[in-house]
Each structure stands twice: as structure tokens, then as C-alpha cells.
Amino acid sequence: MFEGILIEGFVYGILVMGVFISFRILNFADLTVDGSFPLGSAVMVVTLLKGWPTPVCFLLAFAAGCAAGLVTSLIHTRLKVPDLLSGILTMTMLYSVNLRIMNNRANISLLRFNTIFDRINGWTASLDGYWGVVIFCMLAALAIKLALDLFFHTDLGLTMGALGANPQLVISQGMNPDVIKTYGICLSNGLASFAGALTALYQGFADVGLGTGIIVLGLASLMLGELVIRSNKIELLTLRVLIGSILYRGLMYFARDYGYHIKMTPNDFKLITGLLIVVCIFLSKGKALVTPKWNPLQRKK
């Protein structure tokens with residue numbers, strides 16, 4: 001059980017990092033991830049079955065997510081559609097796109113395909129359980145975290161943080177906020193799609209409904225992490241994203257394994273997640289436990 005919590009915590013932690021960029025850095029309520037997450041899994045499975053190398057499949061999945069984010073951004077910035085509606089429109093269109101990618105099939109299995117996770121299990125057969133996969137997912141999540149830390153210390157990353165905190169300042173410096181916002185939305189959905197590709201490898205299939213409610217999962221994980229660590233340093237902000245993801249998966253495993261004592265079933269998990277977000281919001285509002293969003297103009301510990 002503990003290995004499964006860590007694997008899913010790190011895999012979905014990559015998704016939550018994408019949610020962190022849109023909701024906390026850019027202050028942009030983006031629901032596109034509900035479509036870009038299964039988009040990544042669909043691209044990964046279809047390209048793998050066509051014989052493409054796994055690293056290339058990951059790059060294609062990431063690029064597909066960036067393209068989905070670009071569509072959302074163009075709808076928002078060019079057509080002046082509100083951020084929430086822009087994400088809903090793209091998410092809705094992606095359902096049909098994902099079906100097209102999977103050749104009008106709702107589900108494609110990888111059970112007869114030797115994935116990189118299968119090879120890792122073979123290489124680490126001396127270890128008990130799936131610790132080889134745990135280490136691989138941890139390294140992947142930490143590599144992305146470190147890359148984001150470096151990115152948010154660049155001029156573009158700092159400008160992106162300033163845009164979410166004080167858009168007028170970015171405009172007064174002669175920069176186009178729409179272009180910067182587009183970069184952030186593309187990066188956010190690229191990470192969500194990358195996480196979807198990893199999820200497809202771990203679960204052994206791609207499903208068109210894989211992203212249903214995934215944004216709620218991401219927000220719950222994000223808020224759990226914010227209750228654990230309060231900081232204005234970007235390195236700790238990205239770290240608490242991973243911690244929150246692991247905590248969320250642990251809570252869901254606990255509810256699944258012990259919830260039967262109170263007549264709880266898997267059908268109740270969405271209700272639990274929603275209530276968890278409400279509790280996190282209540283705690284953060286009542287005790288000021290969290291920093292709402294990263295502000296590079298304000299240096300706090």
C-alpha cells in the first residue's frame with residue numbers, strides 16, 4: 001500500500017505542479033487539465049503501440065498538453081472569454097479529440113505491451129515490491145520540480161509570478177501580459193498531460209474518462225500541501241505541492257481500506273475530496289495558514 005501511495009503521489013504531483021502554475025502563479029482558473037490529462041495518456045498509449053521510443057512519446061504527450069493550453073489561452077486572450085469558460089470549452093472539445101486520437105475507442109489497454117515500468121520491475125527484481133517504480137517516479141517528479149525552481153528564477157519566471165500578483169506592474173514595464181499568460185497556461189497543461197502519460201503507463205491503459213474531476217484532485221492536493229508548509233520561497237512552494245499530493249493519495253488509500261467501517265464506498269470519494277477542499281479553505285481563511293499565491297515582489301520566509 002505504501003508503495004502505491006508514493007507512486008501515485010509523485011505521478012499526480014506532476015499534475016498538481018501544473019495546477020499550481022495556473023491557479024497560484026497566474027491566478028487563472030483553468031479547467032483544461034480535465035481534458036489535457038487524458039490527452040497525455042491517449043498520446044502515450046497510441047504512440048507506444050505504434051512502436052515509438054518511450055522518451056519521444058513523453059515529449060509528444062507534453063507537446064500535446066501545451067497545444068491544449070495554447071487553445072485555452074487564445075480563446076481567453078483573443079476572444080476575451082473568461083478564464084473559467086475558456087478552460088471548459090477546451091476541455092469539452094478535447095473529449096472528442098481524445099476519442100479521435102484513440103481511433104474512436106474509449107479505452108486502450110497496454111497489458112500486453114512491455115512498458116518502461118515493466119522493465120524497471122525486471123531490473124529491480126531483487127527489491128521487494130515496486131520500489132524500482134517508486135524511485136523512478138520520485139526522480140521524475142523531483143527533476144520537474146528542480147526545473148521549475150530554476151525556471152521561476154529566470155526573468156520570464158519572475159515576470160510570470162509578478163503577472164499573477166500585480167498585472168498592472170507587468171503592463172507598466174512594457175511587457176505583453178497575454179503572451180506571458182500563454183506561456184504559463186501551456187506549461188501548466190503540458191505538465192498535466194505528462195502526468196497523464198505516466199498514469200497510463202502505471203495503470204496499463206488509457207481511458208477517455210480518465211480526467212473526470214482531476215482538477216478537484218489537484219486542488220485538494222495543492223491545498224493540503226499549503227496547510228503543511230507556509231512559505232513565499234518558490235523552492236518550498238513546489239515541494240509542498242509534492243507533499244500535498246502524497247498526503248492526498250494517503251488519505252484516499254486510508255478511506256478505501258478502512259472506510260467500510262462507516263459504510264463508505266469508492267462512490268463516496270468525490271464527496272470526500274470536495275469536503276476536504278472545503279475544510280482546507282475554511283482553515284486557511286480562519287487562521288491565515290497559507291500564502292494565496294507566489295509573489296516574487298514580496299520576500300517572505
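Further up the page is the structure itself.
The sections below set out a description of the structure shown in this document. Bear in mind the structure is a predicted one, so any value in this text is a computation, not a measurement.

**Some thoughts on a nonpolar patch on the surface**
- Together, Phe 2, Leu 127, Trp 131, Ile 135, Met 138, Leu 139 and Leu 142 make up a nonpolar patch on the protein surface, roughly 600 Å² of accessible area in all.
- Broken down by element, the nonpolar patch gets its largest block of residues, five residues, from helix H6 (residues 131–151).
- With respect to the helices and strands, the residue Trp 131 is situated in helix H6.

**With respect to the packing of helix H1 (residues 2–25) against helix H9 (residues 177–203)**
- In the contact formed by H1 and H9, the axes pass within 6 Å of each other and the chain directions differ by 165 degrees. Overall, the two elements H1 and H9 adopt an arrangement that is roughly antiparallel. Of the two elements, H1 crosses H9, and the hand of that crossing is left-handed. Here Gly 4, Ile 7, Glu 8, Val 11, Tyr 12, Ile 14, Leu 15, Met 17, Gly 18, Val 19, Ile 21 and Ser 22 of H1 come into contact with H9, specifically with Gly 184, Leu 187, Ser 188, Leu 191, Ala 192, Phe 194, Ala 195, Leu 198, Thr 199, Tyr 202 and Gln 203.

**What about the side chain of Ser 86?**
- Following the sequence through the fold, Ser 86 ends up in helix H4 (residues 83–101).
- Accessibility expressed as a relative area gives 0% for Ser 86, which makes it buried.
- One polar contact links the side chain of Ser 86 to the main-chain carbonyl oxygen of Val 81, over a distance of 3.2 Å.

**Remarks on the packing of helix H3 (residues 54–78) against H9**
- Running from amino to carboxyl end, H3 crosses H9 at an angle of 140 degrees, the nearest separation of the two axes being 6 Å. Between H3 and H9 the crossing geometry is right-handed.

**So, the packing of aromatic side chains**
- Per the stated rule, a full pass over the model turns up six aromatic pairs.
- Taking 5.8 Å as the distance between ring centres and 20 degrees as the angle between the ring planes, the aromatic pair formed by Tyr 12 and Phe 37 counts as stacked. Of this pair, Tyr 12 sits in helix H1 while Phe 37 sits in helix H2 (residues 33–49); the two residues are 25 residues apart in sequence, bridging distant segments of the chain. The pair formed by Tyr 12 and Phe 37 is uniform in burial state, with each residue classed as buried.
- Between Phe 117 and Tyr 202, the aromatic rings sit 6.4 Å apart at their centres with planes inclined by 65 degrees, giving edge-to-face as the arrangement. With Phe 117 in helix H5 (residues 116–123) and Tyr 202 in helix H9, this pair connects stretches of sequence that are 85 residues apart.
- Taking the relative accessible area as the measure of exposure, Phe 117 reaches 4% and is therefore buried.
- Look at Tyr 202 and you get partly exposed, because its relative accessible area is 30%.

**A word on the pattern of salt bridges**
- On inspection of all chains with the given rule, the structure shows four salt bridges.
- With a shortest N-O distance of 2.8 Å, Arg 249 and Glu 8 are connected by a salt bridge. One end of the pair, Arg 249, is in helix H11 (residues 234–258); the other, Glu 8, is in helix H1, and 241 residues separate them in sequence.
- Since its relative accessible area comes to 12%, Arg 249 is described here as buried.
- The partner of Arg 240 in a salt bridge is Glu 226, with the nearest N and O atoms 3.8 Å apart. Pair noted here: Arg 240 is in helix H11 and Glu 226 is in helix H10 (residues 214–228), with a separation of 14 residues, a long-range link. Judged on exposure class, the residue Arg 240 and its partner Glu 226 are both buried.

**What about the environment of Val 208?**
- The residue Val 208 is located in the loop between strand E2 (205–207) and H10 in this model.
- The exposure class assigned to Val 208 is buried, which follows from its relative accessible area of 9%.
- The sequence separation of Val 208 and Pro 38 amounts to 170 residues, and the corresponding C-alpha distance is 6.0 Å.
- Excluding its chain neighbours within four sequence positions, the residues that come into contact with Val 208 are Pro 38, Tyr 95, Asn 98, Leu 99, Met 102 and Ala 106.

**Topic: the nonpolar core**
- Core analysis: the biggest nonpolar cluster contains 82 residues, and Ile 14 and Leu 15 have the highest contact counts within it.
- Among the elements that line this core, the one with the most residues is H1, at 14 residues.

The rules behind each value
Residues numbered from 1 in each chain as written. Predicted model: local features only at pLDDT ≥ 70, side-chain atom pairs only at ≥ 80, totals over all residues. Heavy atoms only, no water. Patch = residues over 30% accessible without salt bridge, like charges linked within 9 Å, V, L, I, M, F, W, Y side chains within 5 Å. Areas by Shrake-Rupley, 256 points an atom, 1.4 Å probe, with all protein chains shown as cover. Salt bridge = Lys/Arg side-chain N within 4 Å of Asp/Glu carboxyl O. Helix = DSSP H or I, 4+ residues; strand = E, 2+ residues; numbered from the N terminus. Axes fitted to C-alpha atoms, helices over the stretch in contact; angles between N-to-C directions. Parallel < 35°, antiparallel > 145°, perpendicular 65-115°, else oblique. Left-handed = near helix turned anticlockwise from the far one by under 90°. Contact = heavy atoms within 4.5 Å. Buried < 20%, exposed > 50% of the residue type's maximum accessible area, 1.4 Å probe, protein only. Polar contact = N/O pair within 3.5 Å; in protein donor to acceptor, adjacent residues only side chain to side chain. Phe/Tyr/Trp six-rings, centres within 6.5 Å; stacked < 30°, edge-to-face > 60°. Core = buried A, V, L, I, M, F, W, Y, C linked by side-chain atoms within 4.5 Å.

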